[in-house]
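Listed here are the chains, written in short residue letters.
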Amino acid sequence: MKKHNFYAGPSILSEYTIKNTAAAILDFAGTGLSVLEVSHRSKEFQAVMDEATALVKELLDVPEGYSVLFLGGGASLQFCMVPFNLLARKAAYLETGTWASNAIKEARLFGEVDVVASSKDANFTFIPKGYTVPEDADYFHFTTNNTIYGTEMRYDPDVNVRLVADMSSDIFSRPVDVSKYDLIYAGAQKNLAPAGVTIVIVRDEALGRVDRPIPTMLDYRTHVKKGSMFNTPPVLPIYSALQTLRYYKELGGVKELEKMDLAKAAKLYDAIDSSRIFEGTVTDPADRSIMNVCFVMAPEYKELEKDFIDFATTKGIVGIKGHRSVGGFRASLYNALPMESVDVLVEAMKEFEAKH
Ligand SMILES: *Cc1c(COP(=O)(O)O)cnc(C)c1O
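Presented here is a report on the structure given in the accompanying data block. The model shown is predicted, which means the values in this text are computed figures rather than measured ones.

Quick notes on the overall build of the protein chain
Secondary structure assignment for the protein chain yields 9 helices and 14 strands. Taking 21 Å as the expected radius of gyration for a compact globule of 356 residues, we find that the protein chain reaches 21 Å, a close match to that expectation. For the protein chain, the spread of C-alpha atoms along the three principal axes comes to 60 × 55 × 30 Å. Among the 356 residues that make up the protein chain, the fraction classed as buried is 56%. Within the protein chain, contacts between residues separated by at least 24 positions form 66% of all contacts whose residues are at least 6 apart in sequence. With the model as given, the accessible surface of the protein chain reaches about 14,900 Å², and the carbon-plus-sulfur share is 53%.

Okay, structure coming up:
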């Protein structure tokens, strides 16, 4: 049976990415070798790195003066690398979910952290608004998409300091005004590639402004200078990332991807809103994520949650169990997920509702 992959991460990749990666595992760029066994310093892999870097710049319209890096360590390593490199005295953070909280915890190791607003007391069911970012902050850090809670900020906030964002789960789902950012980071396993590589887009001039010594591997300047080749980069995930980036370009870039993502999310939210037994968990519709749609059974149907997961499984639907801190269901609609999978899920919800 065809599977419909709604996992939150690692998550669905395009057939284009998977087929081309599989082919390169057998024969990489006509070398007669597997991409698993070639030197990262070979001219063939250097070409992969160069093209992947150029495509990130092209797709996100990255201005001059920024570097694109492909690093290991996941988005979680960025929680510490960002303040290590950018927090001289004080930074502002918006707390919108578990990942934001983790970033805040790390930043406190390096200086003063002003948490300008938090929706923690409401289990992160909304994005706080009306907060003030202190003008003397070195940067304002926020999470564009809260993967666990299904809230999203699909805009580049207007504040009077430089922006830093964790875009792990919604990068390449909308155009971004990169010029407002000192740094953007994204773990690849949500919208780009297999786990193991993290994209960092950093403004070169933002670096070198802190006095503290920074270990070589944790200093962005090391990786800028060496083109992400100071040490062995995650070769295979970078190869896959390149395939996805090519595919995104072929589809027409982030504006087109956004249109498709909006249409998929609208269909699923409509089904939730018009349902008697399902309901959304995000309080303000304006905060709803188009990447991770979180919903639960209405209180009087709560005991049916497990039954629905079992029922969905019989339709080939995989990975819709909600994160343990929210419960219910989470359908992740990343770029690679076809509309057909949303249709199957919506159909399953309707069929299940009709039976109860
Ligand atoms: C998944 C995720 C992370 C954690 O990524 P790792 O690569 O596992 O460290 C951080 N932030 C967001 C928004 C995520 O979705």
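Alright, that's what it looks like, and here's the rest.
So, the sheet that holds strand S5 (residues 140–143)
If you trace the 7 strands from one edge of the open sheet to the other, you get S2-S10-S9-S8-S5-S3-S4, paired in mixed fashion. What marks the edges here is a single partner per strand, and that holds for strand S2 (66–71) and strand S4 (112–118). For this sheet, the mean inter-axis angle between neighbouring strands, taken without regard to orientation, is 15°. The pairing of strand S3 (residues 90–95) with S4 spans 6 bridges and is classified as parallel. When the sheet's bridge partners are listed, alanine 91 is paired in S4 with valine 113. Along the sheet, helix H2 (residues 43–59) makes contact with S2 and strand S10 (198–203), crossing S2 at roughly 125°.

A look at the site of the ligand
As a structural note, the neighbourhood of the ligand is formed by 13 residues, with Ser76, Thr147, Asp166, Gln189 and Lys190 the closest of them. In this structure, aspartate 166 approaches the ligand through a side-chain N or O atom, which is 2.6 Å from a nitrogen atom. Glutamine 189 places a side-chain nitrogen or oxygen 3.0 Å from an oxygen atom of the ligand. Expressed as a share of its isolated accessible area of 390 Å², the protein-covered part of the ligand is 87%. Broken down by element, the residue count for the shell around the ligand peaks at 4 residues, all from helix H3 (residues 74–86). Residue composition of the shell around the ligand, grouped by class: 3 nonpolar, 8 polar and 2 charged.

So, the packing of H3 against helix H4 (residues 98–107)
Direction vectors running N to C along H3 and H4 enclose 40°, while the axes themselves pass 8 Å from each other. Between H3 and H4, the angle falls in the class oblique. Here H3 and H4 pass one another in a crossing that is right-handed. Where H3 abuts H4, its residues Ser76, Phe79, Cys80 and Pro83 lie against Trp99, Asn102, Ala103, Glu106 and Ala107. Here the contact of H3 with H4 is composed, by residue class, of 6 nonpolar, 2 polar and 1 charged.

Overview of the environment of glutamate 250
With respect to the secondary-structure elements, glutamate 250 resides in helix H6 (residues 235–251). Along the sequence, glutamate 250 and aspartate 182 sit 68 residues apart, while their C-alpha atoms lie 28 Å from each other.

Side note on H4
Those residues of H4 lying buried are Ala100, Ser101, Ala103, Ile104 and Ala107. The buried residues of H4 occupy one face: seen down the axis, they fall within an arc of 160°.

Here's the deal with the packing of aromatic side chains
Enumeration over the complete set of coordinates arrives at 18 aromatic pairs. Consider the rings of tyrosine 131 and phenylalanine 140, whose centres lie 5.7 Å apart with planes at 35°: the pair is tilted. A residue is classified by how much of its surface remains accessible, and phenylalanine 140, at 0% relative accessible area, is buried. Aromatic ring contacts, followed pair by pair, group Phe278, Phe295, Phe308, Phe311, Phe329 and Phe352 into a single cluster.

Here's the deal with the sheet that holds strand S12 (residues 292–297)
Spatially, the 3 strands line up as an open sheet ordered S11-S12-S14, and their pairing is antiparallel. On the outer flanks of this sheet lie strand S11 (278–280) and strand S14 (329–332), each paired with one strand and no other. Geometrically, the sheet is characterised by an average inter-axis angle of 35° between neighbouring strands, direction not taken into account. Two elements, S12 and S14, share 4 bridges in a ladder whose sense is antiparallel. Bridge pairing links cysteine 294 to arginine 330 in S14.

About the criteria used
- Residues numbered from 1 in each chain as written.
- Predicted model: local features only at pLDDT ≥ 70, side-chain atom pairs only at ≥ 80, totals over all residues.
- Heavy atoms only, no water.
- Helix = DSSP H or I, 4+ residues; strand = E, 2+ residues; numbered from the N terminus.
- Rg over C-alpha atoms; globule rule 2.2 N^0.38 Å.
- Buried < 20%, exposed > 50% of the residue type's maximum accessible area, 1.4 Å probe, protein only.
- Contact = heavy atoms within 4.5 Å.
- Areas by Shrake-Rupley, 256 points an atom, 1.4 Å probe, with all protein chains shown as cover.
- Pairing = 2+ DSSP bridges.
- Axes fitted to C-alpha atoms, helices over the stretch in contact; angles between N-to-C directions.
- Near = heavy atom within 4 Å.
- Polar contact = N/O pair within 3.5 Å; in protein donor to acceptor, adjacent residues only side chain to side chain.
- Nonpolar A, V, L, I, M, F, W, Y, C, P; charged D, E, K, R; others polar.
- Parallel < 35°, antiparallel > 145°, perpendicular 65-115°, else oblique.
- Left-handed = near helix turned anticlockwise from the far one by under 90°.
- Arc of directions from axis to C-beta.
- Phe/Tyr/Trp six-rings, centres within 6.5 Å; stacked < 30°, edge-to-face > 60°.

Function cannot be read off these values alone, since they describe shape.
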